[in-house]
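Structural overview
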Amino acid sequence: MSVMVARKKVVRKWEKLPGRNTFCCDGRIMMARQKGIFYLTLFLILGTCALFFAFECRYLAVQLSPAIPVFAAVLFLFAMATLLRTSFSDPGVIPRALPDEAAFIEMEIEATNGTVPQGQRPPPRIKNFQINNQIVKLKYCYTCKIFRPPRASHCSICDNCVERFDHHCPWVGNCVGKRNYRYFYLFILSLSLLTIYIFTFNIVYVALKSLKIGFLNTLKETPGTYPSMSLTVLTVLEVLICFFTLWSVVGLTGFHTFLVALNQTTNEDIKGSWTGKNRVQNPYSHGNIVKNCCEVLCGPLPPSVLDRRGILQQEESTAQEGSCPRGPGVQEPPATQGPGQAQEGHSVLSPQVPVPSVNNAEMPEEKQRTPGELPVPSPDAGRAEQ
């Protein structure tokens, strides 16, 4: 006999979170789904630094100073740490409204705007908020069903509202927002210094080799472990990677340094929120470069409001076979089954005819008897026998 047993299955909240994100390590690591360019970033950094440490650093440490590989290792480790911190952290995702909260917000909007006649466009869902004597508009997000906080925006790639949204960076495989912007800035700053460092000492390496054995002999020189590939070819490959990376990374670092000094985001700069046609003063700027830099880079880091590792308990029913205790008045089913009955192992439902149960109280008065009394034959039965 099968018995339905309800068991509680422990489910983490990150498994049910909306949006287009991927989670690893039981919700501790959060990234975007598009991670191909992030892997390319890792390959370029690791490959270039591996070539530099394997070939040029050994020669430069002997000829110039042993501090050259040490300083390069510090820059490399710092750049990798800030890259992973930017890529694996929550950028400041705002949770979506629950159904009850969304219904309450809809009721508030309808009470404020009133009923809109059919065929007319409803008014924009905007709330005015004052910051430093400056009116800031809070826009309604139709996907998350919330009024976004100031400086927040909805990322179309991750499908989430992010607090103090800067931009979505495919090179780090994540959004850049309030909770990871400082690590993103430190990453591009350290990567710029590392690129300049490797680029400079690669040229120094070729120059020192050319002074000793000549430039043409340097081009022909081959390392012992790679006889088919010139050592200078690897150096030239590193120089080319650093040269093309230098312009983009250093230029990006300079642009974000400008934004940090103004306490402004990339999203606000592209939209022209505080410049251009609007001619509105930035209410978040302190009017001082040092104060703006301290707030963006050294201010307190808010905790994540996204409960990724919370527990959701879901009940799932499972069928178990076992013997069920029977009462004294319950009889065992017959061993043989008719053609219309269900066979063992098959779930066949057959219509059952209800059998009326006759109670002792419903019997006629002359037919009622006590539990220990024997049935008395009627006179009609005796006459029939005679």
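Residues numbered from 1 in each chain as written. Predicted model: local features only at pLDDT ≥ 70, side-chain atom pairs only at ≥ 80, totals over all residues. Heavy atoms only, no water.

This next bit is on a nonpolar patch on the surface. Taken together, the side chains of Ile37, Leu40, Phe43, Leu44 and Trp171 define a hydrophobic patch exposed on the protein surface, amounting to about 480 Å² of accessible area. Looking at where Ile37 falls in the secondary structure, it is placed in helix α1 (residues 36-63). Take Ile37: its relative accessible area is 36%, and that puts it in the partly exposed class. (Patch = residues over 30% accessible without salt bridge, like charges linked within 9 Å, V, L, I, M, F, W, Y side chains within 5 Å. Areas by Shrake-Rupley, 256 points an atom, 1.4 Å probe, with all protein chains shown as cover. Salt bridge = Lys/Arg side-chain N within 4 Å of Asp/Glu carboxyl O. Helix = DSSP H or I, 4+ residues; strand = E, 2+ residues; numbered from the N terminus. Buried < 20%, exposed > 50% of the residue type's maximum accessible area, 1.4 Å probe, protein only.)

A few words now on the side chain of Gln264. The residue Gln264 is located in the loop between α6 (231-262) and α7 (266-271) in this model. The class for Gln264 is buried, based on a relative accessible area of 5%. Beyond its immediate sequence surroundings of up to four residues, Gln264 is in contact with Arg151, Arg164, Leu259, Asp269, Trp274 and Asn282. (Contact = heavy atoms within 4.5 Å.)

On to the nonpolar core. Ranked by internal contacts, the top residues of the largest apolar core, which has 38 residues, are Ile45, Leu83 and Phe187. For this core, the elements supplying multiple residues, two or more each, are β3 (29-32), α1, α2 (67-88), α4 (181-213) and α6. Residue contributions to this core peak at 13 residues, all from α4. By size, the runner-up hydrophobic cluster in this structure holds 8 residues, among which are Ala97, Ala102, Ile146 and Cys161. (Core = buried A, V, L, I, M, F, W, Y, C linked by side-chain atoms within 4.5 Å.)

With that settled, consider the sheet that holds strand β7 (residues 146-147). Within the open sheet, the 3 strands sit side by side as β5-β6-β7. Their pairing is antiparallel. At either margin of the open sheet sits one strand with a lone partner, and together these are β5 (126-131) and β7. Pairing between β5 and strand β6 (residues 134-141): 6 bridges, direction antiparallel. Opposite Lys127, over in β6, you have Leu138 as the bridge partner. (Pairing = 2+ DSSP bridges.)

The next point concerns the side chain of His256. Relative to the helices and strands, His256 is located in helix α6. The contacts of His256, once residues within four sequence positions are left out, are Asp166, His167, Tyr181, Phe184, Tyr185, Ile188 and Thr266.

Per the counting criterion, the structure on display carries 13 aromatic pairs. Taking 6.2 Å as the distance between ring centres and 65° as the angle between the ring planes, the aromatic pair formed by Phe38 and Phe88 counts as edge-to-face. Of the two residues, Phe38 is situated in helix α1 and Phe88 in helix α2; the sequence distance between them amounts to 50 residues. Their ring planes at 75° and their centres at 6.4 Å tell us that Phe53 and Phe76 sit as a pair that is edge-to-face. Residue Phe53 is located in helix α1, and its partner Phe76 is located in helix α2; the two are separated by 23 residues in the primary sequence. Aromatic ring contacts, followed pair by pair, group Phe199, Phe243, Phe244 and Trp247 into a single cluster. Against the face of Phe147 rests Lys127, its NZ or CZ located 4.6 Å from the ring centre. Lying over the aromatic face of Tyr181, Arg164 brings its terminal NZ or CZ to 5.4 Å of the ring centre. (Phe/Tyr/Trp six-rings, centres within 6.5 Å; stacked < 30°, edge-to-face > 60°. Lys NZ or Arg CZ within 6 Å of the ring centre and 35° of its normal.)

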